[in-house]
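Observations on the three-dimensional arrangement
Given next are the chains, with one letter for each unit.
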Amino acid sequence: MSAAENPPEILMRRPSRLRAIIDSDLVYSFLRSKVTIAAAVVTLLIVLAAIFAPYIAPKNPYDLTQISILDSDNPPIWMEGGQSPYVLGTDDQGRDVFSTILYGSRQSIAIGLMATLFAGMLGIALGLIAGYAGGTTDAIIMRAADIQSTFPAILIAMLIDGVSRALFGEQRNETVVFWVMVLSIGLSFWVQYARTVRGSTLVEKNKEYVLAARLIGIRPAKILFRHVLPNVVGPVLVIATINLALAIITEATLSFLGLGLPPTQPSLGTLIQIGQKFLFAGEWWIAIFPGITLAALVLAVNLLGDWLRDALNPKLR
Amino acid sequence: MLAFIIRRLLQAIVVMLTVALIAFTLFRFVGDPINMMVGIETTNEERAQLRQDLGLNDPVAIQFARFVGNAVRLDFGNSYQFKTPVIDLIADRFPATMELAIASAIFSLVIGIPMGVYTALHRRSWLSNIFLAASLIGISLPTFLIGILLIFLFPVTLGVLPSFGRGEVVRLGFWTTGLLTASGLKALVLPAITLGLFQMTLIMRLVRGEMLEVLRTDYIKFARARGLTDRAVNFGHALKNTLVPVMTIAGLQLGSIIAFALITESVFQWPGMGLLFLKAVQNVDIPIMSAYLLLVAFIFVTINLIVDILYAVVDPRIRIDARAAA
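Only a predicted model underlies this, so the values are computations on that prediction, with no experimental measurement involved.

**A word on the overall build of chain A**
If you tally the helices and strands in chain A, you get 15 helices and zero strands. Each of the 317 residues in chain A was classed as buried or not, and the buried ones make up 49%. In chain A, the proportion of contacts linking residues at least 24 apart, taken out of those at least 6 apart, comes to 70%. Total accessible area computed for chain A in this model is approximately 16100 Å², and 65% of it derives from carbon and sulfur atoms.

The structure is reproduced here in structure tokens:
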């Protein structure tokens, strides 16, 4: 009986895909950290609540037929004067605070995700090109990155927002504002991706598989996106998670400053801005509950990012 | 050394010119500057005359050169909203922002360094864990939310400390200061804490990291072996060696503090440059936007330059590396 007919046991019983995922280091380190599990649960809860907002929210706060001015300024349900179904109270126009938070998280998370995706794609593409092409192209892209990174992201986002005001004028409706936010936040966060990807591309491009691909005449674009990209994308995940938290904060800050989403389509930041006026009247719940939601979301995403960074760092294994 | 400084200076000038180009593009091509400056009753002849007077018919390169020349002489034109020179508006608000920024930088150093030292020396104590957990929350809370929570806690609930404005100010020549009156000092407390909290957590983590590294080195072990007191070892030897990177980061962060002041200024209605910029963005007042952009860029570039040069003075290896690279 030769070895070829009877392969060693380890090759015969290849574990299933699912088994491989469960046994991986990533899942092991995830299950070992209680803080990370809690962070994942909080993130998942907020995201699910945001996705299913129309089914969960007791009232649609932006449907004028469903709100009544008679229900305005109700405190949360456990305080004196609180009324069902307004668990977290109502604002000055009788909108249910709990429902506005659900709809607001939707906007915040959507813009955060889209902006992170946009920044990631732009940064990865520029980083790949800079690293692979080298020379003048590399110098131009990286100098642009240097100059941009001397400015705080929020200033760049504000500047783009200001330009959009001049360009769109009266036509600045809610859809335009949404995409302007995605664009302005995305454009202010691409640098970190580009630097990281450029660094790994510089290493990868001298490896034999790239050389082989070039020898058989594959186009540079295909080599970059089909062969190099999968090998440099690991660290990008960590940056993306941490940048997601930053993007959500930036969106909330812009909206809070009155430069982001309008009160007709509020994000968490807009809700806090609206609620700020009522703090002094003692109606703290209008600003504080959206604030807590925002803080919980950002903290949870940050914790997930920290875990991912440590789990993927080979030095710490 | 001189070559190093000159090269850095040239780099800084290139950065400033790039920013000036962006500011110029904003001014010249986003909306029509003439339409922004005149009312609807202005005739077409008057508009054409103004266009000619402002030199907007000249080639773009000449216009850009003139823009840079004016900017160097601090002439940024008139604000569209207020019809007064932009530089006067900025000069008027500059002291408020600087006092806020410096107060919060001092706050972050005075609180952050001792917290960092403590968490490094007592790694397992419960207080250290509380500090570290608090710092994570501090990083996750957006600045404006910290401001609102502080307003909710102090002025609203406890009825102490003002929640907006700068209090009474005293005029000293061109500078207005709130540091000499009781109401001015009180008004400074909450904004300075709001703005400084993020930097404080940053400095605490940095000092902790550096201290932990230094405490493992041989010369610290040797100092202990010589029988020096804990105080002499921890503060005389260890802390002293962590301060170079801390000062660098603190210096670089001063630029961010000035830029981020605009969020705090908005929460507390602090009459600084940031609030001016914010109103300018909302009202598409492009001269103010481009002037603020150039000013912030100038502050950032200057601080970076000073830090680079100081580093080269302190650490000769950087000079040699730079020479080798050249």
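So, next bit.
**A look at the overall build of chain B**
In terms of helices and strands, chain B carries 13 helices and two strands. Projected onto its principal axes, the C-alpha positions of chain B cover 85 × 60 × 35 Å. In chain B, which comprises 326 residues, the share counted as buried stands at 44%. Contacts spanning at least 24 positions in sequence make up 69% of the contacts within chain B whose residues lie at least 6 apart. Accessible area for chain B stands at about 16300 Å²; split by element, carbon and sulfur atoms hold 68% of it. A distance of 14 Å separates the average location of the 26 positive side-chain charges in chain B from that of its 20 negative side-chain charges.

**Quick notes on the packing of aromatic side chains**
Going through the model one piece at a time under the given rule, you end up with twelve aromatic pairs over all chains. In textbook terms, an aromatic cluster arises when at least three aromatic residues are bridged by ring pairs, as seen for Trp284(A), Trp285(A), Phe289(A) and Phe152(B).

**Here's the deal with the side chain of Thr250(A)**
Residues and elements named next belong to chain A. Within the secondary structure, Thr250 sits in helix 13 (residues 234–256). At 2.7 Å, the side chain of Thr250 forms a polar contact with the backbone oxygen of Leu246. Not counting chain neighbours up to four residues away, the residues in contact with Thr250 comprise Ile154, Ile185 and Phe189.

**Details of the pattern of salt bridges**
All names here are of chain A. Under the definition given, this model contains seven salt bridges over all chains. Close ionic contact of Lys207 with Glu204 constitutes a salt bridge, the shortest N to O distance being 3.3 Å. Take Glu204: its relative accessible area is 10%, and that puts it in the buried class. Salt-bridge contacts for Arg309 lead to Asp310; the nearest nitrogen and oxygen are separated by 3.8 Å.

**So, the interface of chain A and chain B**
With 34 residues of chain A at the contact, the number on the chain B side is 37 residues. Taken together, the connections running from chain A to chain B amount to zero salt bridges. Our count for the chain A to chain B interface comes out at two residue pairs in polar contact (both at pLDDT 80 or more). When contributions to the side of chain A that touches chain B are tallied by element, the ones reaching two or more residues are helix 8 (153–168), helix 13, helix 14 (268–276) and helix 15 (285–312) of chain A. Considering only residue class, the side of chain A that touches chain B consists of 24 nonpolar, seven polar and three charged.

**Re unusual backbone geometry**
Residues and elements named next belong to chain B. Positioned with a positive phi, Leu74 is a non-glycine residue whose angle comes to about 60 degrees. Tracing the backbone through its elements, the reader meets Leu74 in the loop between helix 4 (60–72) and helix 5 (86–121). With phi around 60 degrees, Lys83 is a residue other than glycine that occupies positive phi space. Tracing the backbone shows Lys83 in the loop between helix 4 and helix 5.

**Remarks on the nonpolar core**
Counting residues in hydrophobic clusters, the biggest one holds 133 residues, and the most contacted among them are Met158(A), Leu294(A), Phe144(B), Phe277(B) and Leu294(B). If we skip the residues at most four places from it in the chain, Phe144(B) touches Ala252(A), Thr253(A), Phe256(A), Ile272(A), Leu294(A), Ile263(B) and Val267(B). Counting 14 residues, the second-largest nonpolar core is a separate cluster that includes Met211(B), Val233(B), Leu239(B) and Val246(B).

**Describing the environment of Ala311(A)**
Of note, Ala311(A) is situated in helix 15. A sequence separation of 223 residues divides Ala311(A) from Leu88(A), and the C-alpha atoms of the two residues are 38 Å apart.

**Side note on helix 8 (residues 182–215) of chain B**
Relative to the 50 Å expected for 34 residues at 1.5 Å per residue, helix 8 of chain B spans just 43 Å between its end C-alpha atoms, considerably shorter than the ideal helical length. Most pronounced at Gly196(B), the bend in helix 8 of chain B amounts to some 45 degrees.

**Considerations on the packing of helix 6 (residues 97–133) of chain A against helix 10 (residues 190–204) of chain A**
All names here are of chain A. Put simply, helix 6 and helix 10 touch, their axes get as near as 7 Å, and they point 35 degrees apart. In this structure, helix 6 crosses over helix 10, and the sense of that crossing is right-handed. Only Trp190, Tyr193, Ala194, Val197, Arg198, Thr201 and Leu202 of helix 10 make contact with helix 6, whose side of the interface consists of Thr116, Ala119, Gly120, Leu122, Gly123, Ile124, Leu126, Gly127, Leu128, Ala130, Gly131 and Tyr132. Among the residues making up the contact of helix 6 with helix 10, the classes are represented as twelve nonpolar, six polar and one charged.

About the criteria used
- Residues numbered from 1 in each chain as written.
- Chains lettered and ligands numbered in written order.
- Predicted model: local features only at pLDDT ≥ 70, side-chain atom pairs only at ≥ 80, totals over all residues.
- Heavy atoms only, no water.
- Helix = DSSP H or I, 4+ residues; strand = E, 2+ residues; numbered from the N terminus.
- Buried < 20%, exposed > 50% of the residue type's maximum accessible area, 1.4 Å probe, protein only.
- Contact = heavy atoms within 4.5 Å.
- Areas by Shrake-Rupley, 256 points an atom, 1.4 Å probe, with all protein chains shown as cover.
- Lys, Arg positive; Asp, Glu negative; His and termini not counted.
- Charge placed at Lys NZ, Arg CZ, Asp CG, Glu CD.
- Phe/Tyr/Trp six-rings, centres within 6.5 Å; stacked < 30°, edge-to-face > 60°.
- Polar contact = N/O pair within 3.5 Å; in protein donor to acceptor, adjacent residues only side chain to side chain.
- Salt bridge = Lys/Arg side-chain N within 4 Å of Asp/Glu carboxyl O.
- Nonpolar A, V, L, I, M, F, W, Y, C, P; charged D, E, K, R; others polar.
- Core = buried A, V, L, I, M, F, W, Y, C linked by side-chain atoms within 4.5 Å.
- Expected span 1.5 Å × (residues − 1).
- Bend = angle between axes of the 7 residues up to and from the residue.
- Axes fitted to C-alpha atoms, helices over the stretch in contact; angles between N-to-C directions.
- Left-handed = near helix turned anticlockwise from the far one by under 90°.

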